[in-house]
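In case you want the letters, here they are:
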Amino acid sequence: MYDMKISDSVVFIGVNDKTIDLFESQYKVPKGVSYNSYVILDEKVAVMDTVDKRATEEWLDNLDKALNGRSVDYLVISHLEPDHASNIQRLAEKYPDMQLVGNAKIFSMLPQFFDLDFSERKVVVKEGDTLSLGSHTLQFFMAPMVHWPEVMVEYEQSEKILFSADGFGKFGALDEEEDWTDEARRYFINIVGKYGAQVQALLKKAATLDIQTICPLHGPILKENLGFYIDKYLTWSSYEPEEEGVVVAYTSIHGNTAKAAQKMAEILESKGAKAVRLFDLSRDDMSEAVSSAFRYDRLVVMAPTYDGALFPAMEDFLYHLKVKTYRKRRAGIVENGSWAPMAGKLMKAYLEGMKDVEICEPVVSVKSVMKEADVQNMEALAEALLA
Ligand SMILES: Cc1cc2nc3c(=O)[nH]c(=O)nc-3n(C[C@H](O)[C@H](O)[C@H](O)COP(=O)(O)O)c2cc1C
């Protein structure tokens, strides 16, 4: 269990969800996910975001315990995505005197989600505004498109805490301690990855603050070695590769491209590739393949032709890379086909549409079963990739 203690006045009231099958209906979360929420107990009491509707009752219990009979003065809404905002109306009904704190965009979007008149209960904040709770003061910073348009983060000045919304979030429930980086990367690349420029803008603002604790809306509270996490975010949001290495992402209907992919991995290893990660896109986790493609500086895509098009899992993979604005990397292509191979041309078209992706030659064209000439061509491709 991660240590989620912040201080006597700032209390974690989030909930683990270990029964969810797919986060956002597409990401496998074998270790679950947490919906984080916090309460600040001062002269005034502020709740920092709510949780998913899957976690309402446990969250309300946690809140009750933390409040110890007190009432809530403010609900700070940093983000309207339902995994954090589902309980706004429930809390507003429970505490009729509670005011809602958000920016103009939040209040313009709020009626889309809830059928309650909040007009008399709004505290509208903008960039740099502060809200005093007593000895604690919240300062608000707008973070549009990280990764919804209304997002803002809050900095608590006395304890130097950044409430970072979805920034610095990680998959995994909090009773399952594991390395932060892989699951935080998978979360970032797949969910926030398209918005690198907006994340960079937020990091610039954060750099002006003295931050001692980061409280995200998913995953552990970050208390030590914050430079490490911020560095990772700087890298991921700038689309720079994190490490040298090659992702070999393949699809195969009958196993021949799979064999060629295995051979490609062996060739790359024998030629000194620092790391080689092989992904069967039909079977391995797609979000892991996508985040690995961003982790390493080189990629080989290998796929058979399927009804004059790409095999669907490869189409899906390249679509994800395109949407997440994959760039600044070196790539190789191996196609397969038995009568009119098209996969190479189609994969090339995807990669050519991406910024600063250098496509290495030769594009290897296997005709059904890999032959010695194909191996030689793959060796030449590996050399060009690793050059
Ligand atoms: C349903 C289906 C559609 C295919 N469509 C094409 C095609 O349009 N053009 C082509 O050259 N080969 C086509 N193929 C053949 C495969 O691309 C080819 O046999 C390839 O070697 C399969 O590689 P694999 O063993 O890795 O699945 C098709 C195969 C199947 C099963």
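Just so it is clear, the structure is predicted and the values come from calculations on it, not from any experiment.

What counts as what
- Residues numbered from 1 in each chain as written.
- Predicted model: local features only at pLDDT ≥ 70, side-chain atom pairs only at ≥ 80, totals over all residues.
- Heavy atoms only, no water.
- Axes fitted to C-alpha atoms, helices over the stretch in contact; angles between N-to-C directions.
- Helix = DSSP H or I, 4+ residues; strand = E, 2+ residues; numbered from the N terminus.
- Parallel < 35°, antiparallel > 145°, perpendicular 65-115°, else oblique.
- Contact = heavy atoms within 4.5 Å.
- Pairing = 2+ DSSP bridges.
- Core = buried A, V, L, I, M, F, W, Y, C linked by side-chain atoms within 4.5 Å.
- Buried < 20%, exposed > 50% of the residue type's maximum accessible area, 1.4 Å probe, protein only.
- Domains from an automatic or database assignment.
- Near = heavy atom within 4 Å.
- Polar contact = N/O pair within 3.5 Å; in protein donor to acceptor, adjacent residues only side chain to side chain.

K.L.:
Let's hear about the packing of helix H5 (residues 180-192) against helix H9 (residues 286-295): which residues, and what values?
P.N.:
Contact geometry of H5 with H9 gives a least axis separation of 9 Å together with a crossing angle of 95 degrees. By the angle class used here, H5 and H9 are roughly perpendicular. Packed against H5, whose contacting residues are Asp 182, Arg 185, Arg 186, Ile 189 and Asn 190, the element H9 presents Ser 287, Glu 288, Val 290, Ser 291, Phe 294 and Arg 295 at the interface.

K.L.:
Got a sec to walk through the sheet that holds strand S6 (residues 38-41)? Specific residues and values, please.
P.N.:
Here we have six strands laid out as an open sheet, ordered S1-S6-S7-S8-S9-S10, and mixed in their pairing. With one partner strand each, in any of the chains shown, strand S1 (10-12) and strand S10 (122-124) form the two edges of the open sheet. Neighbour-to-neighbour, the strand axes of this sheet turn through a mean angle of 25 degrees, independent of strand direction. Of the strands in this sheet, S1, S6 and strand S7 (45-48) touch helix H1 (residues 56-67), which is tilted by about 15 degrees from S6. The sheet strands contacting helix H4 (residues 104-113) are strand S9 (99-102) and S10, and the helix crosses S9 at an angle near 120 degrees.

K.L.:
Tell me what's going on with the pairing of strand S17 (residues 276-280), and back it up with residues and numbers.
P.N.:
Of the strand pairs in this sheet, strand S16 (residues 243-250) and S17 are connected by five bridges, and their pairing is parallel. Each residue of the ladder has a partner; that of Ala 249, found in S17, is Phe 279.

K.L.:
Explain the nonpolar core to me, and be specific about the residues and the numbers.
P.N.:
Ile 88, Phe 317, Leu 318 and Leu 321 are the most contacted members of the largest nonpolar core, which totals 121 residues. When residues in this core are grouped by element, the largest group, seven residues, is from H5. Here this core gathers at least three residues from each of two domains, domain 1 (10-238) and domain 2 (243-386). Apart from the residues lying within four places of it in its own chain, the contact partners of Leu 318 are Val 301, Leu 310, Met 347, Tyr 350, Leu 351 and Met 354.

K.L.:
Before we move on, can you summarise the site of the ligand with the specific residues and values?
P.N.:
Around the ligand sit 18 residues in total, of which Ser 252, Ile 253, His 254, Thr 257 and Gly 308 are the nearest. Between the ligand and Thr 257 there is a distance of 2.5 Å, counted from an oxygen atom to a side-chain nitrogen or oxygen. Within the backbone of Ser 368, an N or O atom sits 3.5 Å from an oxygen atom of the ligand.

K.L.:
Describe the sheet that holds strand S12 (residues 137-142), listing the residues and the values that go with them.
P.N.:
Within the open sheet, the five strands sit side by side as S11-S12-S13-S14-S15. Their pairing is mixed. Only two strands of the sheet have a single neighbouring strand rather than two, namely strand S11 (130-132) and strand S15 (213-215). Taking each pair of neighbouring strands and ignoring which way they run, the sheet shows an average axis angle of 20 degrees. In terms of strand pairing, strand S14 (residues 161-163) meets S15 through three bridges, oriented parallel. Among the inter-strand pairings, Phe 163 is bridged to a residue of S15, identified as Cys 215.

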